[in-house]
Amino acid sequence: MATAFIPPDYFRRYSVTDIFGSGQECEVDLGCGDGGFLLAVAQQHPERLFLGVERLLGRLRKVCRRADELELDNVRAVRAENRYLLEWMLQEGSVRRLHYLFPDPWPKEKHHKKRMMQENVVPVLHRVLTPGGELLFRTDHEEYYSWVCRVVGDSALFHREPWPDLTEYPVTDFQLHWESQGRTTYSARFVRNS
Ligand SMILES: C[S@@+](CC[C@H](N)C(=O)[O-])C[C@H]1O[C@@H](n2cnc3c(N)ncnc32)[C@H](O)[C@@H]1O
């Protein structure tokens, strides 16, 4: 499948050109699930490059199949663990925007250590983003929202800015699910300090 990015070596870094065939910077959808958001935003912005990351093979296959059917040549999807990909497989300063949408909140306190957003991941995000690059975060889980705002927003490496005009930002599959049940959505945008 043209959309699938299958790294030939998991122990080296890849440039945007390695992944897409051209380009200097891309956007990454962390835990893209079935790809509802990824495919919609890629259709809206054919001039931008989008890499979906997902650890579940069935979901990844679905994303690839749908992207291929839609003939989207600005989408790639990789089976990887979010943090590993950002820390070890992408080149420094290669990501313009990280989309971190409705991640698993790991609500039980004994599982908080499994959350992706920990203080030691903040330098990883800073390294992989371009100057002025940003992290867009949305969740239905109020406590995880506060956690991320503290971990990333209080860091010297990022500052918080208002979410841009939401009208063109596609909803995700999980957002549709939670909002149909009347759940509130929390959003935060963090911009990389130079
Ligand atoms: C709650 S779903 C949200 C999916 C999508 N972002 C949405 O809003 O519809 C979280 C997704 O992240 C994936 N995921 C969870 N932890 C991950 C990790 N460490 N690395 C890559 N994918 C992960 C899960 O398999 C799942 O598809």
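Look a little higher up for the structure.
So, here is what we can say about the structure in this document. All values derive from a computational prediction rather than experimental measurement.

Topic: the sheet that holds strand S1 (residues 26–30)
Judged by pairing direction, the sheet is mixed, and its 7 strands sit side by side in the order S3-S2-S1-S4-S5-S7-S6 without closing on themselves. Each edge of the open sheet carries a strand with a single partner, namely strand S3 (75–79) and strand S6 (158–161). On average, each strand axis in the sheet is inclined to that of its neighbour by 20°, with strand direction left out of account. Bridge count for strand S4 (residues 95–101) against strand S5 (residues 129–139) is 6 bridges, and the pairing is parallel. Pairing of Val95 across the sheet is with Leu129, part of S5. Of the strands in this sheet, strand S2 (50–54) and S3 are in contact with helix H3 (residues 57–69), which crosses S3 at around 165°.

Quick word on helix H7 (residues 173–180)
Capping of H7 at its N-terminal end is provided by Thr172; its side-chain oxygen lies 3.3 Å from the backbone amide nitrogen of Phe174. Gly182, located one to two residues past H7, shows a positive phi value of around 80°.

Examining the packing of aromatic side chains
Considering all chains together, one arrives at 8 aromatic pairs under this definition. Taking 6.5 Å as the distance between ring centres and 15° as the angle between the ring planes, the aromatic pair formed by Phe137 and Tyr145 counts as stacked. Each of the two residues, Phe137 as well as Tyr145, counts as buried. It is Arg138 that lies over the ring of Trp163; its NZ or CZ is 4.8 Å from the centre. Here the guanidinium or amino end of Arg183 rests over the ring plane of Trp178, the centre of that ring lying 4.2 Å away.

Rules used throughout
Residues numbered from 1 in each chain as written. Predicted model: local features only at pLDDT ≥ 70, side-chain atom pairs only at ≥ 80, totals over all residues. Heavy atoms only, no water. Pairing = 2+ DSSP bridges. Helix = DSSP H or I, 4+ residues; strand = E, 2+ residues; numbered from the N terminus. Axes fitted to C-alpha atoms, helices over the stretch in contact; angles between N-to-C directions. Contact = heavy atoms within 4.5 Å. Polar contact = N/O pair within 3.5 Å; in protein donor to acceptor, adjacent residues only side chain to side chain. Phe/Tyr/Trp six-rings, centres within 6.5 Å; stacked < 30°, edge-to-face > 60°. Buried < 20%, exposed > 50% of the residue type's maximum accessible area, 1.4 Å probe, protein only. Lys NZ or Arg CZ within 6 Å of the ring centre and 35° of its normal.

Purely spatial values, then, with no claim about function.
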